[in-house]
Amino acid sequence: MERQVLFSILLCCVYSALGQISYSVPEEMPKGSVVGNIAIDLGLDVKRLQSGKARIFTGESAEYVELSRERGVLLVKEKIDRELLCRQTTPCALHLQIILEKPMELFRITVEITDINDNSPSFKHGEKRFEISESAVTGSKFVLEKAVDLDIGRNGIKNYSLKPTDNFVLKVENEADGNKKVEMILHKPLDREKEEEISLLLKAVDGGEPQMSGTVKIYVTVLDVNDNPPVFTQSIYKATIAENSQKGTTLTTVSASDADKGINGKISYALSSSIDSLSDIFQIKENGEVILVGEIDFERAKNYQIDIVATDSGGLSDSSKIIVDVIDVNDNDPVISIMSKSDFILEDSPHNTVIVMFSVTDPDFSNNGRVNCRISENIPFAIKTSSNDFYTLVTDSELDRETASEYNITVTCSDGGIPSLSSSVTLTLQISDVNDNSPVFERSSYEAYIAENNTPGVSIFTVTATDADWNQNARVSYILEDTSVNGVPISSYVSVSADSGVIHAVRSLDYEQIKDFYFRIKAQDGGSPPLSSNVTVKILIQDQNDNPPQVLYPIQTAGSMVAEMVPRSADVGYLVTKVVACTTLYSQRRCWLMQRFLPSF
């Protein structure tokens, strides 16, 4: 059957103080249709969406919506079938998160999927047969199969009709769960002799536009003498069952009685048809015992409403309902989903710097689904919660790369069930170096010796400084600070190798001119800005025997000899002259006195 659905699309968005936007779109929109303009609705520039690498996070659910960063809009990625996505749940919504980086931001988006009338009412079986005694009393009820319409609201089933109405009329009652109870009521006695077979048509129509319908044929075979219908002992039965129950577990036992005797009082039980194909999950035995034959999952369905029918051999019947509440069992581990993370962080990052954003979900109920997350102890990080399911891992104290250059952070999330279930994820974070350490010399001061008359360029000794930082920040250069010795620049005496710290004598030194001198060397790292430290160096010059003695007396003139006059009358032993000579050796000045006397001839 070809059908055409005309509808107008109403897109609306609602802002909240927490950065949440809600949109409403009809199902079955073509791929590429615009859901909403998040750039305008969130007050974000399109360039921010691009620079922040905006993306949609949906957890483990299918992606029906995609983000166009260039246009700043949400688009339909895959055609959405509301009935496939949410079945009978209302409202039906997609919950998305928009993630941006640099800085990290999170916005929650809710897209409500509204129903369109794209499903006709349908019956599980194309026909229904009854065998009814001609003695059935007026007012006898016969339970009919309910139609199923996957649409909801006004697009769901609106009404039923039964034709012809010569012997039977239709009775439709609204039930507490929103469904309709459909019964065929005998309003005119049957006469097998006049009409042994009766054909009727049950039609279900929905409230959509245009209206759709479905039909089932009903065949009634008129029998003789069965004038008491079965009657259930309760109109509603209640039962509970744990979701991990084994197949074959008994939920409850129902019972109906029939005032007739013999074969006319024999009752058989059956499950009525339903949208969830409950016959694949539950089964009713001949004795009315209802057992579990399939698997149940609290996270998929928290309760079931089972329609049951008791029918006697004459075709008379009664209906009842079993309400089954499923008890949650802690059978789901928390699921940790990393939404965004940093692999590196500077060691001077401020407190509360966000490193990781992640979400944790546990589909279990109450304490079984209540999750608590923790990280390894004695590390400078902490977990913060931004909402029920979203967490951030932030810095909690100062970082120091020189103490720890890498962290393996284990995040463990446990639920509140007994026994508790947990999941863990380990994140590796590298600490990037910052130039926060100055070079340090091995000694607070240095003292070295050099013999005078040295060869220019000779190595005197080496100063060494180390830097606890890394790479370029730890690369040390040595610099001779500008000073002077006796008015002469220090660079005229010594030089220092920028790379090795080796100190060289620039000139030949003379102990008799200078015995020692001081200067300062600066060690500077390669950081930006650079850090440095200084040290004082003392050079002591060692004396060498490189100067002859000097005659102080008698005084000689250049190129002349000293002559002394001796009287003719001088006796033997007469003092002719005195000679005084001095020299400096190893920092000590020594002098000698020599006397000359007249010898005997």
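Shown above is the structure to which this text applies.
Description of the structure in this document. In this text the structure is predicted, and so the values were computed from the model without any measurement. (Residues numbered from 1 in each chain as written. Predicted model: local features only at pLDDT ≥ 70, side-chain atom pairs only at ≥ 80, totals over all residues. Heavy atoms only, no water.)

The subject of this paragraph is the state of the cysteines. With the rule as written, the count across this model stands at two disulfides. With a sulfur-sulfur separation of 2.1 Å, Cys373 is cross-linked through a disulfide to Cys413. Here the disulfide of Cys373 and Cys413 is right-handed, its torsion about the S-S bond being about 105°. One end of the pair, Cys373, is in strand β28 (residues 371–375); the other, Cys413, is in strand β31 (residues 406–415), and 40 residues separate them in sequence. For the pair shown, Cys373 and Cys413 are each scored as buried. (Disulfide = S-S within 2.5 Å. Helix = DSSP H or I, 4+ residues; strand = E, 2+ residues; numbered from the N terminus. Buried < 20%, exposed > 50% of the residue type's maximum accessible area, 1.4 Å probe, protein only.)

Attention shifts here to the packing of aromatic side chains. Following the criterion strictly, the structure yields 13 aromatic pairs and no others. An aromatic cluster of at least three residues, connected via ring pairs, comprises Phe441, Tyr446, Phe461 and Tyr478. (Phe/Tyr/Trp six-rings, centres within 6.5 Å; stacked < 30°, edge-to-face > 60°.)

With respect to topology, three strands assemble into an open sheet ordered β18-β22-β21, the strand pairing being antiparallel. Sheet topology places β18 (250–253) and β21 (282–284) at the edges, where each strand pairs with a single neighbour. Geometrically, the sheet is characterised by an average inter-axis angle of 20° between neighbouring strands, direction not taken into account. The pairing of β21 with strand β22 (residues 289–292) spans three bridges and is classified as antiparallel. Note that in β22 the partner of Phe282 across the bridge is Leu292. (Pairing = 2+ DSSP bridges. Axes fitted to C-alpha atoms, helices over the stretch in contact; angles between N-to-C directions.)

Another point: the environment of Ser438. When you line up the elements, Ser438 lands in the loop between β32 (422–432) and β33 (440–441). Here the alpha-carbon distance between Ser438 and Asp469, two residues 31 residues apart in the chain, equals 8.4 Å. The contact partners of Ser438, leaving out residues within four places of it in the chain, are Thr466, Asp467, Leu531 and Ser532. (Contact = heavy atoms within 4.5 Å.)

The next subject is the nonpolar core. Among soluble globular proteins, nonpolar side chains are generally buried collectively. Core analysis: the biggest nonpolar cluster contains 29 residues, and Ile503, Phe517, Phe519, Ile521 and Val537 have the highest contact counts within it. Counting only elements with at least two residues in this core, the list comes to β34 (445–451), β35 (459–462), β37 (477–480), β40 (494–496), β41 (502–505), β42 (516–524) and β43 (532–542). Aside from chain neighbours lying at most four places away, what touches Val537 is Tyr446, Phe461, Val463, Ile503, Phe517, Tyr518, Phe519 and Ile521. If you look at the next biggest cluster of nonpolar residues, it comprises 28 residues, including Ile21, Ile38, Phe107 and Ile113. (Core = buried A, V, L, I, M, F, W, Y, C linked by side-chain atoms within 4.5 Å.)

Taken together, Asp348, Glu398, Asp400 and Asp436 make up a surface patch of like negative charges. Residue position: Asp400 is located in the loop between β30 (390–395) and β31. With a relative accessible area of 32%, Asp400 lands in the partly exposed category. (Patch = residues over 30% accessible without salt bridge, like charges linked within 9 Å, V, L, I, M, F, W, Y side chains within 5 Å. Areas by Shrake-Rupley, 256 points an atom, 1.4 Å probe, with all protein chains shown as cover. Salt bridge = Lys/Arg side-chain N within 4 Å of Asp/Glu carboxyl O. Lys, Arg positive; Asp, Glu negative; His and termini not counted. Charge placed at Lys NZ, Arg CZ, Asp CG, Glu CD.)

Here the focus is the sheet that holds strand β27 (residues 354–361). As summarised here, the arrangement of the four strands in space is β25-β27-β30-β29, forming an open sheet in which the pairing is antiparallel. The sheet is open, and its two edges are formed by β25 (335–341) and β29 (381–385), each paired on a single side. Mean inter-strand twist for the sheet, computed between neighbouring axes without regard to direction, equals 25°. Strand direction decides the pairing type here: β29 and β30, joined by five bridges, are antiparallel. Looking at the pairing, Phe381 lines up with Thr395 of β30.

The next subject is unusual backbone geometry. A cis amide bond links Thr90 with the next residue in sequence, Pro91, at an omega value of -5°. Note that Pro91 resides in the loop between α3 (82–86) and β7 (93–100). Residues Ser528 and Pro529 are joined by a peptide bond in cis, for which omega reads -5°. Within the secondary structure, Pro529 sits in the loop between β42 and β43. A positive phi angle, close to 65°, is found at Asn453, a residue other than glycine. With respect to the helices and strands, the residue Asn453 is situated in the loop between β34 and β35. Its relative accessible area of 42% is what places Asn453 among the partly exposed residues.

Let's shift gears to the pairing of strand β17 (residues 236–242). What you see with β17 is a clean split: Tyr237, Ala239 and Ile241 sit on the buried side and Ile236, Lys238, Thr240 and Ala242 on the side with no burial. Pairing of β17 with strand β24 (residues 317–327), which is carried by seven bridges, proceeds in the parallel orientation. For Ile236, the partnering residue across the bridge sits in β24 and is Lys321.

Our next topic: the environment of Ile431. For Ile431, the location among the structural elements is in strand β32. We classify Ile431 as buried; its relative accessible area is 5%. Beyond its immediate sequence surroundings of up to four residues, Ile431 is in contact with Ile345, Glu347, Leu399, Arg401, Ala404, Ser405, Glu406 and Tyr407.

Inspection of every chain in the model, using the stated rule, returns 17 salt bridges. Here Lys77 and Glu63 are joined by a salt bridge, their closest N and O atoms 3.1 Å apart. Of this pair, Lys77 sits in the loop between β6 (73–76) and α3 while Glu63 sits in the loop between β4 (55–57) and β5 (65–68), and the two are 14 residues apart along the sequence. We note a salt bridge from Arg129 to Glu127, for which the minimum N-O separation is 3.1 Å. Judged by relative accessible area, which is 53%, Arg129 ranks as exposed. Take Glu127: its relative accessible area is 39%, and that puts it in the partly exposed class. Sharing partners across several salt bridges, the network here consists of Lys146, Glu175, Asp307 and Lys321.

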